[in-house]
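Summary of structural features
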Amino acid sequence: MTELIYYVLISVVLVAIGIYGLVVKRNAVRMLFALEIIANAANLNLIAFSRNLSNTQGQVFALFSIAIAAAEVAVGLGIIIIAYRLYKEIDVEEFKSMRG
Amino acid sequence: MVDPVFIGVAVLTVGSAIISLESRELIYGAIALAISMMGIAGFFILLDSPFVAMFQIAVYVGAVAVLVIFTVMLVRTQALFTTREDKGRKSAGIVLMLIFMASIGAIFIVSGLNSQTFGNPKAPAVDFTTIGQQMLTYYSPALIALALTLAGAVIGALALARREGEEIEQKND
């Protein structure tokens, strides 16, 4: 049985990878991948704490979180498709009309 | 004590998360993301929550990954290669990632989470029939709100991705 701290460390590593992706990548689809990795790290934490505290709420919240993440991906991909149609490009630095 | 299965799943998850961001072709990145989500589902099974693991596989690997792969196929392949990255920003991102990992990881290692007294890994696992009962009783308003949110998001995504030119053509007919 693996202790809780290892799961927490794995989720720290996943969040760090996600932050790296959000900072460095200019491709909109890859930024969405990075967001998904961060959301999954959060879910992993919820389940790990729920297991160690023997608590149902963590699992229920993880289920809600997974469903919300699916909706988020649908809307995000819709926005990316529109941006591609407008700019013929999915590089976020080319999306100029919302620039201040 | 660390389980060897845990180490295997951790390497799979973290490795394919890195590949999903760093692969040259976006379609391989999407497949690597799906494998990483499978790894997270493996962690859920190791944590005795098979119900959430099945939900994770159904939603992430079944729906999200397929949706992403379809979108990647819709976008012209040439656009996927032309994302320029500066070297400076990439190395700064790697440094930021390492600083984040080291600092937050050090905080968790020295914190009380690392002691054996926190929580109880040998506590009885949560029974998934309890989750079902809680979902339909205590959390039922949240479940209804979630269903409406999902419906709204999907309708919104459809409305966003619809071509507006076709509607104008229909009006002209």
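Refer to the structure printed above.
Here the structure is a predicted model, which means the values were calculated and not measured. (Residues numbered from 1 in each chain as written. Chains lettered and ligands numbered in written order. Predicted model: local features only at pLDDT ≥ 70, side-chain atom pairs only at ≥ 80, totals over all residues.)

1. Quick word on helix α5 (residues 87–110) of chain B
Helical geometry: 3.6 residues make up each α-helical turn, so side chains three or four residues apart lie on a common side. For clarity, the cut-off: The helix count covers DSSP runs of H or I at least four residues long, the strand count covers runs of E at least two residues long, and both are numbered beginning at the N terminus. To estimate the expected span of a helix, subtract one from its residue number and multiply by 1.5 Å. Put plainly, a residue is buried at 20 or more neighbouring C-beta atoms within 10 Å of its own, exposed at 12 or fewer, and partly exposed in between, counting only other residues' C-beta atoms, which are placed from the backbone.
Helix length check: α5(B), at 24 residues, gives a terminal C-alpha distance of 35 Å against a target of 34 Å (1.5 Å per residue), a fit within 8%. α5(B) sits mainly on the outside: one of its 24 residues count as buried.

2. Observations regarding unusual backbone geometry
Glycine aside, negative phi is the norm for most residues, and most peptide bonds take the trans geometry. A positive phi angle is found at S54(A), which is not glycine, with a value near 55 degrees. Of note, S54(A) is situated in the loop between α2 (28–53) and α3 (56–87). Positive phi values are uncommon outside glycine, yet D48(B) reaches one of about 60 degrees.

3. Some words on the interface of chain A and chain B
What counts is decided by this rule: By the convention adopted here, residues are in contact when the distance between their C-beta atoms, placed from the backbone, does not exceed 7 Å. Ten residue types, Ala, Val, Leu, Ile, Met, Phe, Trp, Tyr, Cys and Pro, are classed as nonpolar, four, Asp, Glu, Lys and Arg, as charged, and the remainder, Gly among them, as polar.
Opposite the 64 residues of chain A that make contact, chain B presents 72 residues. Those elements that provide at least two residues to the side of chain A that touches chain B are α1 (4–24), α2 and α3 of chain A. Top element by residues in the side of chain A that touches chain B is α3(A). It accounts for 21 residues. A per-class count over the side of chain A that touches chain B returns 44 nonpolar, 11 polar and nine charged.

4. Topic: the packing of α3(A) against helix α3 (residues 50–74) of chain B
As a reminder, the rule being used: Whenever a helix is involved, its axis is fitted only over the stretch in contact; in every case the axis is a line through C-alpha atoms, and angles between N-to-C directions fall within 0 to 180 degrees. Any angle from 65 to 115 degrees is called roughly perpendicular, while one under 35 is roughly parallel, one over 145 is roughly antiparallel, and all others are oblique.
Following both chains from N to C, one finds α3(A) and α3(B) inclined at 5 degrees, their axes separated by 10 Å at the closest point. Classed by the angle they form, the pair α3(A) and α3(B) counts as roughly parallel. Judged by residue contacts, Q59(A), A62(A), L63(A), I66(A), A67(A), A70(A), V73(A), A74(A), L77(A), I80(A) and I81(A) of α3(A) engage V52(B), F55(B), Q56(B), V59(B), A63(B), V64(B), L67(B), V68(B), T71(B) and L74(B) from α3(B). Among the residues forming the contact of α3(A) with α3(B), the class breakdown is 18 nonpolar, three polar and no charged.

5. Focus on the nonpolar core
For clarity, the cut-off: Linking buried Ala, Val, Leu, Ile, Met, Phe, Trp, Tyr and Cys residues through C-beta atoms within 7 Å yields a set, and such a set is a nonpolar core. The domain boundaries here were taken from an automatic or database domain assignment.
Residues L14(A), I17(A), V29(A), L44(A), I47(A), F44(B) and A65(B) are the most contacted members of the largest nonpolar core, which totals 62 residues. Among the secondary structure elements, those contributing two or more residues to this core are α1, α2 and α3 of chain A together with α1 (4–22), α2 (26–46) and α3 of chain B. At 13 residues, the largest contribution of residues to this core is made by α2(A). Two domains each donate at least three residues to this core, and these are domain 1 (1–82) and domain 2 (128–173) of chain B.

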